[in-house]
Amino acid sequence: MWVVKLGGSLLGSAELPRWLELLAEHGDGRIVLVPGGGVFAEAVREAQKLSGVDDAVAHRLAVLAMDQYGLLLAGLCPRLTTAASELELDEHSWQHRAMVWLPSRMVLAEDGIPCSWEVTSDSLAAWLAGRLGASRLVLVKSVAAEELAGMDMARLRRQLVDREFPRFAGASGAECWITSRHALADFARALKKGEGPGIRIVF
């Protein structure tokens, strides 16, 4: 199984519908799509500034923001179905369905996940990969393929993932990869061949 995280920054891009169609077409119960927070998470950041609520409250709101973006993605591509629990993920996998994970039910019930902005959808995707025993975790980022290829590992980890990601990814047991949203064709070829797409993250 592959866990594929689509960043919220893809919203409004020409590539987003193509990514959704690709993942729906080739999902076949073996791909779980993890939504970013996007504009919904940014609204949480702004609400925290205006209200002064602590990071624990903001964390809960940000996870719910991922649910919202996930519902939006499923609305953009009706071939995708949503799953909010391990049971639903298992059922859709057996049914060979392409899935969008709605994380709030599972994440907010997990005491081992820090309630801070240092845990974003990247870390939560890695956490899910570990729970599901996924073979690969792929983060799709809004960065040019050429820029991504030119990054050394230290800069990649510093600029493209959250602070807690190395811990969650290392514990997941999955191969971790980052690819550009513009590298759709390369991702499709890698998926068909069972290869890793983009740049592998090494810890």
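Structure first, text after, so check above.
This structure is a prediction, so every number in the text was calculated from the model and none was measured.

A. Layout of the side chain of glutamate 164. In this fold, glutamate 164 is placed in the loop between helix H8 (153-160) and helix H9 (165-172). On the basis of relative accessibility, which here comes to 17%, the residue glutamate 164 falls in the buried class. Within the structure, glutamate 164 has its side chain in polar contact with the side chain of arginine 167 (distance 2.9 Å). Discounting chain neighbours no more than four positions away, the residues touching glutamate 164 are Pro114, Glu118, Val119 and Ser123.

B. Summary view of the pairing of strand S6 (residues 175-180). By the criterion of burial, S6 is predominantly enclosed, with five of the six residues buried. Judged from the six bridges that link them, strand S5 (residues 136-141) and S6 form a sheet pairing that is parallel. Paired with leucine 139 across the strands is isoleucine 178, a residue of S6. Pairing analysis gives two bridges linking S6 to strand S7 (residues 199-200), with the strands arranged antiparallel. Paired with isoleucine 178 across the two strands is isoleucine 199, which belongs to S7.

C. Expanded view of the sheet that holds S6. Taken in spatial order, the seven strands line up as S3-S4-S2-S1-S5-S6-S7 in an open sheet, and their pairing is mixed. Two strands close off the open sheet at either side, each with one partner strand: strand S3 (80-83) and S7. Each of strand S1 (2-6), strand S2 (31-35), S5 and S6 touches helix H10 (residues 184-193); the most contacted strand, S1, lies at about 170 degrees to it.

D. Spotlight on unusual backbone geometry. The backbone of aspartate 28 sits at a positive phi, close to 50 degrees, despite the residue not being glycine. Its place among the elements puts aspartate 28 in the loop between helix H1 (15-27) and S2. Classification of aspartate 28 by relative accessible area gives partly exposed; the value is 43%. With phi around 60 degrees, histidine 96 is a residue other than glycine that occupies positive phi space.

E. How the structure looks around the environment of serine 142. Secondary-structure assignment places serine 142 in the loop between S5 and helix H7 (145-149). Discounting chain neighbours no more than four positions away, the residues touching serine 142 are Ser9, Leu10 and Arg181. Among the polar contacts listed, one links the side chain of serine 142 to the side chain of serine 9, at a separation of 2.7 Å. Polar contacts involving the side chain of serine 142 include one to the side chain of arginine 181, which spans 3.1 Å.

F. Region of interest: a nonpolar patch on the surface. A cluster of nonpolar side chains, Leu11, Val39 and Leu76, forms an exposed patch at the surface whose accessible area comes to about 250 Å². The topology assignment puts valine 39 in helix H2 (residues 38-51). Valine 39 gets classed as partly exposed once you look at its relative accessible area, which sits at 49%.

G. Examining the pattern of salt bridges more closely. Applying the stated criterion to the full structure yields 13 salt bridges. Ionic pairing is found between arginine 155 and glutamate 147, a salt bridge with its closest N-O pair at 3.4 Å. A salt bridge links glutamate 175 to arginine 200; the shortest N-O distance between them is 3.9 Å. With a gap of 25 residues between them, glutamate 175 in strand S6 and arginine 200 in strand S7 connect regions that are remote in the sequence. A single network of salt bridges, built from pairs that share partners, joins Lys5, Asp122 and Lys141.

Thresholds, definitions, all that
- Along each chain, numbering runs from 1 in the same order as the chain's sequence is written.
- Note on the predicted model: pLDDT of at least 70 is required for a residue's local features to be given, and 80 or more for side-chain atom pairs to be given and counted; whole-chain, interface and lining totals, by contrast, use all residues.
- Note that water and hydrogens are dropped before the side-chain values are worked out from all heavy atoms of the structure.
- A helix here means a DSSP run of H or I that spans at least four residues, while a strand means a run of E at least two residues long, and both kinds are numbered starting from the N terminus.
- Note on exposure labels: buried denotes an accessible area under 20% of the residue type's maximum, exposed denotes more than 50%, and partly exposed covers the range between, all computed with a 1.4 Å probe on protein chains only.
- Polar contact criterion, stated in full: a pair of N or O atoms within 3.5 Å, where within protein one must be able to donate a hydrogen and the other to accept it, and residues adjacent in sequence count only if both atoms are side-chain atoms.
- Contacts between residues were defined by any pair of non-hydrogen atoms, one from each residue, lying within 4.5 Å.
- Strand pairing follows a simple DSSP-based rule, namely that at least 2 bridges must link the two strands.
- Between N-to-C directions, angles cover 0 to 180 degrees, with each direction set by a line fitted to C-alpha atoms, over the stretch in contact for helices.
- For patch detection, residues must exceed 30% relative accessible area and be free of salt bridges, and they are connected within 9 Å for like charges or within 5 Å for nonpolar side chains (Val, Leu, Ile, Met, Phe, Trp, Tyr).
- Surface exposure here means Shrake-Rupley accessible area, sampled with a 1.4 Å probe, where a residue is shielded only by the protein chains that are shown.
- A pair is scored as a salt bridge if a Lys or Arg side-chain nitrogen falls within 4 Å of a carboxyl oxygen belonging to Asp or Glu.

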